Amino acid sequence: MRELILLRHAHADAAAPGQDDAGRPLSDTGLAEARAAGDWLRQHGLRPDRVLCSPARRTRQTLDALGELGCSDVREEPAIYEASPGTLAALADAHADAACLLIVGHNPGLEQLAALLYSGQSGDHRGMPPGAIAVLAFPIDAAVEPGAARLARFWWP
């Protein structure tokens, strides 16, 4: 069994006048949510072999605030920012050699991907609040495709 962990960035501050969306930082609430997410991952023994993180400031801060996860293969992946579920699925499939892959990204792409991989449909995709984690389990040789995963765990702050 291989696992795909989807982590939506924690709460971020609203964009200041003239600030681009990618530069928005986490709020104090978001920092606390991200720390709690890291604690939850460690408590459940979820240690990724590889991490892919959006280059947005709030996703990088979320990843940093998780704390030590025991993973040395951490990559910034520009394609995650504003990604469709298809783009995210292709990224996950391209990294299928990792037994446990963590993607730190954004909605609506992450929640649509979780719905698509679990149910085969992404139309009704509400349910990943800021800081939420979805853990999807795949048979070791399965492709990352609609309906191929089992929702093994779900957590939100």
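If you're wondering where the values come from, they're calculated on a predicted model, not measured in any experiment. (Residues numbered from 1 in each chain as written. Predicted model: local features only at pLDDT ≥ 70, side-chain atom pairs only at ≥ 80, totals over all residues. Heavy atoms only, no water.)

A cluster of nonpolar residues, Y118, L151, F154 and W156, forms a patch on the protein surface that exposes about 420 Å² of accessible area. Of note, L151 is situated in strand β6 (residues 150-155). Under the relative-accessibility criterion, L151 is labelled partly exposed at 37%. (Patch = residues over 30% accessible without salt bridge, like charges linked within 9 Å, V, L, I, M, F, W, Y side chains within 5 Å. Areas by Shrake-Rupley, 256 points an atom, 1.4 Å probe, with all protein chains shown as cover. Salt bridge = Lys/Arg side-chain N within 4 Å of Asp/Glu carboxyl O. Helix = DSSP H or I, 4+ residues; strand = E, 2+ residues; numbered from the N terminus. Buried < 20%, exposed > 50% of the residue type's maximum accessible area, 1.4 Å probe, protein only.)

Spatially, the six strands line up as an open sheet ordered β3-β2-β4-β1-β5-β6, and their pairing is mixed. Each edge of the sheet is formed by a strand with only one pairing partner; in this case those strands are β3 (74-76) and β6. Neighbouring strand axes in the sheet, compared pairwise and without regard to direction, differ in orientation by 15° on average. As paired elements, strand β1 (residues 2-8) and strand β4 (residues 100-105) share six bridges and run parallel to each other. Of the residues in β4, the one forming a bridge with E3 is C100. Here helix α2 (residues 57-66) sits on the sheet and contacts β1, β2 (50-53), β3 and β4; the angle it forms with β4, its principal contact strand, is near 135°. (Pairing = 2+ DSSP bridges. Axes fitted to C-alpha atoms, helices over the stretch in contact; angles between N-to-C directions. Contact = heavy atoms within 4.5 Å.)

With that settled, consider the nonpolar core. If you look at the biggest cluster of nonpolar residues, it comprises 23 residues, and the most contacted ones within it are L4, L6, I103 and L117. Elements supplying a minimum of two residues to this core: β1, α3 (85-94), β4, α4 (109-119) and β5 (133-138). Those residues within four positions of L117 in sequence are excluded, and the remaining contacts are L4, L136, F138, V144, E145, P146, G147, A148 and A149. Counting residues in hydrophobic clusters, the runner-up holds 18 residues, among them I5, A37, L46 and L102. (Core = buried A, V, L, I, M, F, W, Y, C linked by side-chain atoms within 4.5 Å.)

Residue placement: S27 occurs in the loop between β1 and α1 (28-43). The class of S27 is buried, set by a relative accessible area of 13%. When neighbours within four sequence positions are excluded, S27 is seen to be in contact with H11, A12 and D13.

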